[in-house]
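# Fold and contact review
Now for the letters of each chain:
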Amino acid sequence: MNYLTADELIAFEEHVQELWERGDLPFLVHFCGGNEHELIGLFDEVREGDWVFSSHRAHYHYLLAGGSRSRLETLIRTGRSMFVFDRERNFLTSSVLAGTCGIAAGVAWQLKQENSPHRVWCFIGDGAEEEGHFYESVLFVQGNELPCTFVIEDNDRSVDTDKEKRRGRAQIAWPECVRRYHYRPTWPHAGSGCRHQITFNPAVVAGYVGTGCASRPGENAAAQNGWKAGQ
Ligand SMILES: Cc1ncc(C[n+]2csc(CCOP(=O)(O)OP(=O)(O)O)c2C)c(N)n1
Ligand SMILES: [Mg+2]
């Protein structure tokens, strides 16, 4: 499954950059870039109906999983860049590092019980690779031969800290359910990297404050995007 070209992916993020630099996005946004070709190659293997789990850096995954550009732009414009959920596309994110791994393993368990032809793809960064949830989920998936692939997107940084500073020379040989690709990111960790001071558009801020967006008590971003308990 792969609906967009590398140039289209880049153009989408450059458009978001314009929104950011205009002050229209008073929210945290993590831009994707530098991994277009690796991801397009990987998404060639993703089939319609498969499950895709992403992270705080979700834009490319969602677009390559068949998500629409206009829907994603609406989510980004309303503060949900890190909270992209789409029931129709079996697409979930978590801004908690490795927060999707256990869910991915659980969905893969269920798919196996159902003899489903579908599988799970769980994308995480090299920072999330250091979280215990990832290790536990890998053990469960590998041990039970579940239809789940974890993909470590290794840009050699967790925020701004490289792997050597974080973990010295440690190298973990993960089993086959884990793949890794390396890339050099186009953008800084978060934000567009623009050099001028941004003043957020007061009309956008005023429209946002009080709407509850992802934080209204009793609701959450997943519920607002069509997910209900028990689904
Ligand atoms: C459990 C947890 N700890 C810390 C954070 C804060 N945080 C957000 S992104 C990030 C770095 C993530 O690095 P990586 O997983 O390599 O993804 P990348 O940003 O490089 O794509 C951190 C530490 C978080 N979101 N969740
Ligand atoms: Mg990283």
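Report follows, based on the coordinates. (Residues numbered from 1 in each chain as written. Chains lettered and ligands numbered in written order. Predicted model: local features only at pLDDT ≥ 70, side-chain atom pairs only at ≥ 80, totals over all residues. Heavy atoms only, no water.)

### Describing the coordination of the magnesium ion (ligand 2)
- The coordination sphere of the magnesium ion (ligand 2), as far as protein atoms go, consists of D126 (OD), N155 (OD1) and R157 (O), spread over 2.1 to 2.2 Å.
- Read in sequence order, the donor residues for the magnesium ion (ligand 2) give the motif D-x28-N-x1-R. Taken together, the residues D126 in the loop between strand 3 (120–125) and helix 6 (132–143) and N155 in the loop between strand 4 (148–154) and helix 7 (163–167) connect sequence positions 29 residues apart.
- Judged by relative accessible area, D126 falls into the buried class, the value being 0%.
- Residue N155 is classed as buried on the basis of its relative accessible area of 10%. (Donors = N, O, S within 2.8 Å, 3.2 Å for Na, K, Ca; no water. Helix = DSSP H or I, 4+ residues; strand = E, 2+ residues; numbered from the N terminus. Buried < 20%, exposed > 50% of the residue type's maximum accessible area, 1.4 Å probe, protein only.)

### Things to note about helix 1 (residues 6–21)
- Over its 16 residues, helix 1 extends 22 Å from the first C-alpha to the last, a length consistent with the 22 Å expected when each residue adds 1.5 Å.
- Turning to helix 1, its buried residues number three or more, namely A6, L9, F12, E13, V16, L19 and W20. Along the axis of helix 1, the buried positions cluster into a sector of 145°, meaning they face one direction only.
- Buried residues along helix 1 sit against helix 2 (36–43), helix 3 (59–64) and helix 4 (69–77).
- Residue G23 follows helix 1 closely and has a positive phi angle near 85°. (Expected span 1.5 Å × (residues − 1). Arc of directions from axis to C-beta. Contact = heavy atoms within 4.5 Å.)

### Focus on the pairing of strand 4
- Taking burial as the measure, the seven residues of strand 4 include seven buried ones, the bulk of the element.
- Sheet topology places strand 3 next to strand 4; six bridges connect them, and they run parallel. If you follow W121 over to strand 4, its bridge partner there is T149.
- In this fold, strand 3 hands off to helix 6, which returns the chain to strand 4; that crossover is right-handed.
- Taken together, the five bridges between strand 4 and strand 5 (residues 178–182) define a ladder with parallel strand orientation. By the bridge assignment, V151 is partnered in strand 5 with R179. (Pairing = 2+ DSSP bridges. Right-handed = clockwise from strand over helix to strand, strands pointing away.)

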